[in-house]
Amino acid sequence: MKIEQDQISTINKTSWQQHNEAFDHLASTIKHIDVEDIISTLAEFQIAIPSWALGAGGTRFGRFRFGGEPATLAQKLNDIGVLHSLTGSAGAVSLHIPWDIPEDYKAIKEIASSHNIEFDAVNSNTFQDQPDAQHSYKFGSLSHIHRDIRNQAIAHNKEVIDIGTKLGSKSLTIWLADGSSFPGQHNFQKAFSHTRESIVDIYNYMPEDWKLFIEYKPYEPNFYSTVIQDWGTSLLLANACGERAFTLVDLGHHLPNTNIEQIVATLMLHGKLGGFHFNDSKYGDDDLTVGAIKPYALFLIFNELVYGMKHNTNNPTPSWMIDASHNIKDPLEDLLQSLDAAMIAYAKAMLIDQKKLSEAQQSNDVSRCQEILKDAYLTDVRPIVQQARLNVSAALHPLEAYRSLNVRKQLIKERGLKTAATGL
Ligand code: PSV
Ligand code: MN
Ligand code: MN
């Protein structure tokens, strides 16, 4: 299934006039910032799609098939091709090894480039046992009390780097399930020291133009302690590695009410925010659609990202990825909604009148500060986001276009109802 350019422009024509009127009206109300700058920034904004989000996700209670799910890496890339044609903002994929080891590297690279998809960070997996593995990760991987098991996990990460290098990836993301479920199970100091030693070894193996992203998460699958539980722990590990190691913020990896925007600001000030996983959550690592639960928090986070990208030039542009997956929605529809929500929050954050905000902060005018943020947040920026998509020949309304092109029906026809994607 490939969406052709003229299919999109035919669909766009049906709402063109309505869009133009809405856009002109909105643009005429924005005086303090050049709308064209916002549009071109949005048009360039690319968010990687994780290979594991393309099938209907599951919970530990069950997985419900959606039909037409991709069963191979080639099919996963084709699905991302669909997302990228519709949105113009999904031009990268994040692979998970061993789920996505290519059989034919040349063919996979050709498929990716036919869709203008780049290979973003590769992810290692030391949270599941592999059938042919000598040792089990039941009691940990890079932090394990036994050297043999740590070595196996280190070797896996090195293999992931080798695979990524062959594809043109430039970064490795490590998320560790390591932790303990009962008091006394772990010696915390030993678990941390082992992890540090293992990660430094992996870091030193990376090619010189690679970056390492270290995720953190407070709990799950372990429920008493997690070795890399928070951004401070991740930062300590990144600092132990060196300049090309960074913390990765996943929005769902915080305890309720954590001020994520402040974490973002602190990391960027120190040039250590390397990666970013978008999703939303009500309770924990829920992996819900971006912006589904706390859109204002997302806007405040983007405010810090926008500020940081402008002022903290020591911080690389973060590597963006959507990390959401579902049991009950068409995964492609869900990703379209997530991409849209991220663009909307980004556009709103760029609308903030930074000059006025800084003046209001200077004079400690608290109410004014709040109002300036609210002015931007309450602006309906959808015509700007749509214009950005139009400029790259994508769909004005990706979800509507997806439905009117009957993409899912087509995928079911091509691949069948009972397909299963490898992954979580
Ligand atoms: C587990 O929490 C997780 O959702 C992490 O966020 C990783 O990014 C992802 O799985 C894939 O390993
Ligand atoms: Mn994540
Ligand atoms: Mn997660």
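In the block above lies the structure referred to throughout.
Residues numbered from 1 in each chain as written. Chains lettered and ligands numbered in written order. Predicted model: local features only at pLDDT ≥ 70, side-chain atom pairs only at ≥ 80, totals over all residues.

Colleague: I'd like a rundown of the nonpolar core, residues and numbers included.
Modeller: Counting 113 residues, the largest nonpolar core has Val93, Ile322 and Ala347 as the members making the most contacts within it. Among the elements that take part in this core, helix α11 (residues 331-351) stands out by supplying 14 residues, more than any other. Apart from residues lying up to four places away in sequence, Val93 is in contact with Ala48, Ile49, Ser51, Leu77, Ile80, Ala112, Ile117, Phe119 and Asp120. (Core = buried A, V, L, I, M, F, W, Y, C linked by C-beta atoms within 7 Å. Buried ≥ 20, exposed ≤ 12 C-beta atoms within 10 Å, placed from the backbone. Helix = DSSP H or I, 4+ residues; strand = E, 2+ residues; numbered from the N terminus. Contact = placed C-beta atoms within 7 Å.)

Colleague: Report on the environment of Ala292, specifying residues and quantitative values.
Modeller: Among the structural elements, Ala292 can be located in the loop between β11 (273-278) and α10 (295-311). Its 18 C-beta neighbours within 10 Å are what place Ala292 among the partly exposed residues. Taking the C-alpha atoms as reference points, Ala292 and Ser338, separated by 46 residues in sequence, lie 8.5 Å from one another.

Colleague: Run through the site of ligand 1, naming residues and quoting values.
Modeller: Around ligand 1, a shell composed of Asn123, Trp175, Glu215, Lys217, Asp250, His277, Asp285 and Asp323 is seen. For the shell around ligand 1, the per-class residue count stands at one nonpolar, two polar and five charged. (Near = placed C-beta within 6 Å. Nonpolar A, V, L, I, M, F, W, Y, C, P; charged D, E, K, R; others polar.)

Colleague: If you had to explain the pairing of strand β5 (residues 118-123) to someone new, which residues and values would you point to?
Modeller: Counting buried residues in β5 gives five out of six residues, a clear majority hidden from the surface. Bridge count for strand β4 (residues 92-96) against β5 is four bridges, and the pairing is parallel. Along β5, the bridge assignment pairs Leu95 with Val122. This β-α-β element, β4 to helix α5 (residues 105-114) to β5, shows right-handed connectivity. Bridge count for β5 against strand β6 (residues 171-174) is two bridges, and the pairing is parallel. Of the residues in β6, the one forming a bridge with Asn123 is Thr173. Where the polypeptide runs from β5 across helix α6 (residues 147-167) and back to β6, its parallel neighbour, the crossover connection is right-handed. (Pairing = 2+ DSSP bridges. Right-handed = clockwise from strand over helix to strand, strands pointing away.)

Colleague: An account of helix α9 (residues 260-269) is needed here, citing residue identities and associated values.
Modeller: All of the buried residues along α9 are Ile260, Ile263, Val264, Leu267 and Met268. Mapping the buried residues of α9 onto a view down its axis gives an arc of 125°, with all of them on the same face. Structurally, α9 contributes buried residues whose contacts are with α8 (231-241), β10 (245-250), β11 and α10. One or two steps after α9, the chain reaches Gly271, where phi turns positive at roughly 65°. (Arc of directions from axis to C-beta.)

Colleague: Describe unusual backbone geometry, and please don't skip the residues or the numbers.
Modeller: Following Ile97, the chain continues into Pro98 via a peptide bond in cis, with omega recorded as 20°. Its place among the elements puts Pro98 in the loop between β4 and α5. Look at the link from Glu220 to Pro221: it is a cis peptide, with omega at 10°. Here Pro221 lies in the loop between β8 (211-215) and β9 (225-226). One non-glycine residue, Glu220, adopts positive backbone phi at about 80°. Following the sequence through the fold, Glu220 ends up in the loop between β8 and β9. One non-glycine residue with positive phi stands out, namely Asn364, at about 50°. Structurally, Asn364 is set in the loop between α12 (354-362) and α13 (366-377). The exposure class assigned to Asn364 is exposed, which follows from the 8 C-beta atoms found within 10 Å.

Colleague: So, the packing of α10 against α11: which residues are in play, and what are the values?
Modeller: Put simply, α10 and α11 touch, their axes get as near as 8 Å, and they point 60° apart. In this view, α10 runs oblique relative to α11, as classed from their interaxial angle. Remark: the crossing between α10 and α11 carries right-handed chirality. For the pair formed by α10 and α11, the contact residues are Pro295, Leu298, Phe299, Phe302, Asn303 and Val306 on the first element and Ala345, Tyr346, Lys348, Ala349 and Met350 on the second. Across the contact of α10 with α11, the residue classes tally to nine nonpolar, one polar and one charged. (Axes fitted to C-alpha atoms, helices over the stretch in contact; angles between N-to-C directions. Parallel < 35°, antiparallel > 145°, perpendicular 65-115°, else oblique. Left-handed = near helix turned anticlockwise from the far one by under 90°.)

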